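Listed below are the residues making up each chain.
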Amino acid sequence: MKRSAKILALLLISAFVLSGCVGENTTDTDSSVVSQTESSTSADESSPSDVESDTSSEESVTSDEESSTENQDSSTDSGSGDITEVSYMEKFKDMIEEMAPKDILIEREGVTYPTFEKYHYYSTTAERDTPVNVLLPADFSEDKEYPVLYILHGYYDNEDWMKRDAVHLDTMLTNLIADGAAEEMIVVLPYIYCSKDMPYCTGMDTQNTLNYDNFINDMMTDLMPYIEENFPIKAGRENTAITGFSMGARESLFIGFSHPETFGYIGGVCAAPGLINGTGYPYQLEKDEFCFTDTTPYLLMLSAADNDGVVGNNPMTYHTLLNANGTEHLWHTMSSTGHDASSVTPHLYNFMRMIFKEV
């Protein structure tokens, strides 16, 4: 009789356990149920097989809940290791400085400064040889692989614009690397005007704008394979960054939003209109497409000049829309610069210190 009562009690406990797994319960309730089940199981190791089966069912539910929690945790992952969009940008948001320190732009004694070298690759997209400038680290070695940063020029310009003295790109990056503030990287300055019929920009109109927009095809089909084949590039989005100025910022953002699986770090300074419908024509994305879905970048950073007489408040429009879409990003403004190298240098100073970092 006592044994029958004991079995009945265990069955009632099991029934309570099963009923507790149905519907919505808090974590604390689930924990107490598991505790009660473990207690009842340890009290009678010779409990009937049907009770053992019920206990196994509870354990299975608990396992599913743990798996669900793990899946929720992994949903914030950006695609590489433990780096997540939020944790990465949160780490670096307080590092933003409005302007680059003057001493970071000056060559130092005892430091070797590399220079950009020009190469040519065949673009199947434009059906012609296309120039590209490449900067290797001062201590470059063929036996070592490096992350790569692509920087895109603006309207009417070419692959030589970013390497001008006014930008201070090579000096600034070399000093940052020497200070341990930036990682060693390979920098690529492409020619982003891409057309089979027009070798260079002839005006600020629809066709010329579409030719710039066509660079995304050259980038993915021709330029990146050439760079990866001819230079020791680290593979993976965690080792690939892109940014640009003006029209180059419009294109870097378009490329980054179109291929977040390829680019882990995306930036733009004084971005030109037309990236989003309603900001210019021709446009590239609808407003609801200005976000990320399955894959998010580690870093998305927009910079803007308060006194930009060319693109005006357009970068602010992008910033506002990103906020409206719930897209995490860093926002950097400059109060005393314009639509020129004076804005590009601070942007690159901040961007280059934030990319390719381990969190």
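Attention in this report is confined to the structure presented alongside it. Quantities reported herein were computed from a predicted structural model and do not represent experimental measurements.

1. Focus on the sheet that holds strand β3 (residues 117-123)
Then, in step 1: Taken together, 8 strands build an open sheet; the order of strands is β3-β4-β6-β5-β7-β8-β9-β10 and the sheet is mixed. Of all the strands in the sheet, just β3 and β10 (330-334) have a single pairing partner and so form its edges. Within the sheet, the average angular offset between the axes of one strand and its neighbour, ignoring direction, is 20°.
Then, in step 2: As paired strands, strand β4 (residues 128-135) and strand β6 (residues 186-190) are joined by 4 bridges and run antiparallel to one another. Across the sheet, residue asparagine 133 finds its bridge partner in β6, namely leucine 189.
Then, in step 3: Sitting on the sheet, helix α5 (residues 169-178) is in contact with β4, β5 (148-152) and β6, with an inclination near 165° to β6.
Then, in step 4: Its contacts with the sheet place helix α9 (residues 314-324) against β9 (299-305) and β10, and it is angled at close to 145° to β9.

2. Remarks on the packing of aromatic side chains
Then, in step 1: Within this structure, the stated rule accounts for 15 aromatic pairs.
Then, in step 2: Aromatic pair tyrosine 265 and tyrosine 298: ring centres 5.3 Å apart, planes at 55°, arrangement tilted. Taken together, the positions of tyrosine 265 in strand β8 (residues 265-269) and tyrosine 298 in the loop between β8 and β9 put the pair 33 residues apart, joining distant regions of the chain. Tyrosine 298 shares its class with tyrosine 265; the two are buried.
Then, in step 3: Following the ring pairs from residue to residue traces out a cluster consisting of Tyr88, Phe92, Tyr265, Tyr298 and Phe356.
Then, in step 4: Across the ring face of phenylalanine 92, the terminal group of lysine 91 is positioned such that the distance to the ring centre comes to 5.9 Å.
Then, in step 5: The ring of tyrosine 298 has arginine 237 sitting right over it, with the charged end atom 4.8 Å from the ring centre.

3. Topic: the packing of α5 against helix α10 (residues 341-354)
Then, in step 1: Between α5 and α10, whose axes approach to 11 Å, the crossing angle comes to 30°. Accordingly, the angle class assigned to the pair α5 and α10 is roughly parallel. Helix-helix and strand crossings are classified by hand; for α5 and α10 the assignment is right-handed. Listed contacts from α10 to Leu169, Met172, Leu173 and Leu176 of α5 are Thr345, Leu348, Tyr349, Met352 and Arg353.

4. Some details on the nonpolar core
Then, in step 1: Formed by 87 residues in total, the largest nonpolar core has its most connected members in Tyr150, Leu169, Val187, Ile227 and Leu299.
Then, in step 2: The residues touching leucine 169, leaving out its near neighbours within four places in the chain, are Phe116, Ile151, Met162, Val187, Leu189, Leu348 and Met352.

So, how was this worked out
- In this convention, every chain numbers its residues from 1, walking through the sequence in written order.
- Residue-level local features of this predicted model are given only where pLDDT is at least 70; pairs of side-chain atoms are given and counted only at 80 or more, and the full residue set underlies all totals for whole chains, interfaces and linings.
- The basis for the side-chain values is all heavy atoms of the structure; hydrogens and waters are excluded.
- Strands are treated as partners if at least two bridges between them are detected by DSSP.
- Where helices and strands are cited, they refer to DSSP runs of H or I of at least four residues and of E of at least two residues respectively, numbered from the N terminus.
- In this analysis, axes come from line fits to C-alpha atoms, helices being fitted only over the stretch in contact, and the angle between any two N-to-C directions falls in the range 0 to 180 degrees.
- Any two residues whose heavy atoms approach within 4.5 Å at even a single point are treated as in contact.
- Two rings from Phe, Tyr or Trp (for Trp, the six-membered ring) form a pair when their centres sit within 6.5 Å of each other. Planes less than 30 degrees apart are called stacked, planes more than 60 degrees apart edge-to-face, and all others tilted.
- Think of it in three bands: with a 1.4 Å probe and only protein chains considered, a residue is buried below 20% of the maximum accessible area for its type, exposed above 50%, and partly exposed in between.
- A ring is considered to have a charge above it if a Lys NZ or an Arg CZ atom is located within 6 Å of its centre and within 35 degrees of its normal.
- Roughly parallel here means an angle under 35 degrees, roughly antiparallel means over 145, roughly perpendicular means 65 to 115, and every remaining angle is called oblique.
- Left-handed is the label given to a crossing in which the near helix is rotated counterclockwise from the far helix by less than a right angle, and right-handed is the label when the rotation is clockwise.
- Among buried residues, the Ala, Val, Leu, Ile, Met, Phe, Trp, Tyr and Cys ones that are joined through side-chain atoms within 4.5 Å form a nonpolar core.

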